[in-house]
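# Geometric and topological summary
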Amino acid sequence: MKQRTTALLTAGALALSLLGATVLAAEDTSAPDISSGQVEQLPSASSEEDPASSTEKLPPPEAPPAEEDGEDTQDTEPEEEEPEEPVEEYIPDPVGSISFGNLEHRMREGNLNMLALEENIQVIKSFDYDKMQEDLRQALNGIANAQWGLIIMQQGDSYAAAVLSQQYDATRKTFDDLKDGKLQADNADLVRQLENAQNQVVMAGEALYIALLDMERSGKTLERNLSTLDRSLKELELRYELGHISYQTLKQTQAGRTSLLSGQQTLNSNIDSYKMQLELLIGAELTGNIRLAALPQVTNEELAAMDLEADLQAAKEASYSLYEARQTVEDAEDDYKDAGRKYNYNEKRYEYVQAQHQWQAAQYTYHAAVQSFEMSLRTLYLQVKDYKQVLTAARNALAVEEDSYSVAQVKYKQGRLSQNALLEAEDKVKEARETVDGASIDLFTAYHNYRWAVDYGILN
């Protein structure tokens, strides 16, 4: 479809470029004119009738009706304007930081690829189809003038005449498609494709943001593990000095700390690299030091509003991939019908049989795509519900560890608990809090992907 759109636009541009030259080439000859509503076919070179005698001219524009004296032009009541939806106020992020809520806004304003896509969209939307139709009509007349000039000069069978005939046919095809609305429909499809590409870029940026927060959470876990390992090393060094453990045991633990440090450095390097990618996506300075705000919390109201069957229907209507698959089925059906008319639905003609099978294959492919889409959305729905209960369980476990830590603090103050035991209880609280953070990220990711599918028809 997009190739067809490109071909149509190219033919139109070619016709317009030929307009000036062809009109000059046949300046002193008579030729058919083409009205805005009807395009007349040129006669063959052997016709003796002057083509100009059977063509219609464009009617002059009608003058606006004159107002009668005393007519009150102010009697009409002004139409009531529909109230505009409130626009959410954009609050800029502090310098050197970014929030998830502002990510899409900043990408659409600062990402060069997004801006390029938007300019291409505006190019398509800026077409003046009425003006294009008039320009193509004039281009057809110009080509017809040139053809008639060649006929007069007895060059109707020349190479130039053949080229002009091809140009006329291509331009006429564009003119007819424009008049029938096919070109407008193709361009609308192209706009939808480009907007879908924009949404894909935004979704990729949001996935990167979430991944970075999860990596930073992993960094906290590594930091906690290092602190725990350092305490263990101090104890092992003391036990080694007392002769309770072997040197080999101590070295193995020290080697484990070295490995843990190496993993921490690799993680930090990856975080810096991915932060630069995020900075590139929003058009910021590439430093790798941008600070990320926490993700919004998924509310109980948002979860309660999820309606799988209604959301599934909305998602399928919004999906560009399913729309494109439907277009493929329609194109295959058109090819099948064309083949049927051309070969009189003769089952012995392989061309007709092939078109029939291709149409059937396109239908199977479309239905398979719908099934896959539905399964993916239903899986997302179940994931959201599951991550919600996982988060609830993690918060309950955190509450238990916080209570245990409070008890441990009291025992420590009373001298009934060692400092290492207190620190271990504190580590369990930190670990439980990290589990809550991870479950919260998982829930937000699943819910956000679900909303992308429902609102834009895009499945991650």
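Structural data are supplied above this passage.
We now turn to the structure provided with this report. Being a predicted model, the structure only gives us computed values, none of them experimental. (Residues numbered from 1 in each chain as written. Predicted model: local features only at pLDDT ≥ 70, side-chain atom pairs only at ≥ 80, totals over all residues. Heavy atoms only, no water.)

Within the chain, Gln154 stands out as a residue other than glycine whose phi angle is a positive 60 degrees. Among the secondary structure elements, Gln154 is positioned in the loop between helix 4 (129-152) and helix 5 (159-180). Judged by its relative accessible area of 76%, Gln154 is exposed. Notably, Tyr345 is not glycine yet its phi reads approximately 50 degrees, a positive angle. Position of Tyr345 among the secondary structure elements: in the loop between helix 10 (320-343) and helix 11 (350-413). Looking at Tyr345, the relative accessible area reads 43%, which means it is partly exposed. (Helix = DSSP H or I, 4+ residues; strand = E, 2+ residues; numbered from the N terminus. Buried < 20%, exposed > 50% of the residue type's maximum accessible area, 1.4 Å probe, protein only.)

By size, the foremost hydrophobic cluster in this structure holds 56 residues, and its most contacted members are Ile98, Tyr209, Leu278, Leu292, Leu295, Val384 and Tyr450. The set of elements that each furnish at least two residues to this core consists of helix 2 (100-110), helix 6 (182-241), helix 7 (247-282), helix 9 (308-318), helix 10, helix 11 and helix 12 (419-456). Here this core gets 14 residues from one element, more than from any other, and that element is helix 12. Not counting residues within four places of it along the chain, the set of residues in contact with Leu278 comprises Ile98, Leu103, Gly205, Leu208, Tyr209, Leu212 and Leu292. (Core = buried A, V, L, I, M, F, W, Y, C linked by side-chain atoms within 4.5 Å. Contact = heavy atoms within 4.5 Å.)

Moving on, we come to the side chain of Ser440. Looking at the secondary structure, you find Ser440 in helix 12. Filtering out sequence-adjacent residues up to four positions away, Ser440 remains in contact with Gln297 and Leu391.

This brings us to the packing of aromatic side chains. On inspection of all chains with the given rule, the structure shows 10 aromatic pairs. On the basis of an interplanar angle of 80 degrees and a centroid distance of 5.7 Å, the ring pair of Tyr345 and Tyr352 is categorised as edge-to-face. Residue class for Tyr352 comes out buried when judged on its relative accessible area of 4%. One aromatic cluster is present, formed by Tyr336, Tyr345, Tyr352 and Trp359 through successive ring pairs. In this structure, Arg192 packs its charged tip against the face of Tyr323, placed 4.4 Å from the ring centre. (Phe/Tyr/Trp six-rings, centres within 6.5 Å; stacked < 30°, edge-to-face > 60°. Lys NZ or Arg CZ within 6 Å of the ring centre and 35° of its normal.)

On to the packing of helix 6 against helix 7. At a minimum axis separation of 9 Å, helix 6 and helix 7 run at an interaxial angle of 160 degrees. As summarised for this structure, helix 6 and helix 7 are arranged roughly antiparallel, according to the angle between their axes. Of the two elements, helix 6 crosses helix 7, and the hand of that crossing is left-handed. Across the contact of helix 6 with helix 7, the residue classes tally to 19 nonpolar, 11 polar and six charged. (Axes fitted to C-alpha atoms, helices over the stretch in contact; angles between N-to-C directions. Parallel < 35°, antiparallel > 145°, perpendicular 65-115°, else oblique. Left-handed = near helix turned anticlockwise from the far one by under 90°. Nonpolar A, V, L, I, M, F, W, Y, C, P; charged D, E, K, R; others polar.)

Turning our eyes to something else, we now look at the environment of Asp338. Position of Asp338 among the secondary structure elements: in helix 10. Residue class for Asp338 comes out partly exposed when judged on its relative accessible area of 40%. Separated by 14 residues in the primary sequence, Asp338 and Tyr352 have C-alpha atoms spaced 8.9 Å apart. Separated by 2.5 Å, the side chains of Asp338 and Arg341 make a polar contact. (Polar contact = N/O pair within 3.5 Å; in protein donor to acceptor, adjacent residues only side chain to side chain.)

Scanning the model with the defined rule gives 19 salt bridges in all. Note that Glu195 and Lys125 form a salt bridge whose closest N and O atoms lie 3.8 Å from each other. Of this pair, Glu195 sits in helix 6 while Lys125 sits in helix 3 (residues 112-125); the two residues are 70 residues apart in sequence, bridging distant segments of the chain. When the shortest N-O distance is used, the salt bridge between Lys173 and Asp177 registers 2.5 Å. Highlighted residues: Lys173 and Asp177, both in helix 5, separated by four residues, approximately one helical turn. Residue class for Lys173 comes out partly exposed when judged on its relative accessible area of 42%. Since its relative accessible area comes to 4%, Asp177 is described here as buried. (Salt bridge = Lys/Arg side-chain N within 4 Å of Asp/Glu carboxyl O.)

Since the α-helix advances by 3.6 residues per turn, residues separated by three or four positions end up pointing in the same direction. Every buried residue of helix 9 is accounted for by Leu308, Asp311, Leu312 and Ala315. Take helix 9 and look down its axis: the buried residues cluster within an arc of 105 degrees, on one side only. (Arc of directions from axis to C-beta.)

In a pair of packed helices, the angle between the axes and the distance between the axes together describe the arrangement. In contact at an axis separation of 6 Å, helix 2 and helix 7 are set at 65 degrees when each is read in the N-to-C sense. Across the interface between the two elements, Leu103, Arg106, Met107 and Gly110 of helix 2 pack against Leu278, Leu281 and Ile282 of helix 7. Broken down by class, the residue content of the contact of helix 2 with helix 7 amounts to five nonpolar, one polar and one charged.

With respect to the helices and strands, the residue Lys220 is situated in helix 6. We classify Lys220 as exposed; its relative accessible area is 57%. With 211 residues separating them along the chain, Lys220 and Glu431 place their C-alpha atoms 9.5 Å apart.

We now examine a nonpolar patch on the surface. Together, Met276, Leu280 and Leu286 make up an exposed nonpolar region whose accessible area comes to about 290 Å². Among the structural elements, Met276 can be located in helix 7. (Patch = residues over 30% accessible without salt bridge, like charges linked within 9 Å, V, L, I, M, F, W, Y side chains within 5 Å. Areas by Shrake-Rupley, 256 points an atom, 1.4 Å probe, with all protein chains shown as cover.)

Moving on, we come to the environment of Lys388. One can find Lys388 in helix 11. Relative accessible area serves as the criterion here: at 23%, Lys388 is assigned to the partly exposed category. Remark: the alpha-carbon pair of Lys388 and Val298, spanning 90 residues in sequence, is separated by 9.2 Å. With residues up to four places along the chain from it excluded, the contact list for Lys388 reads Asn300, Leu303 and Leu443.

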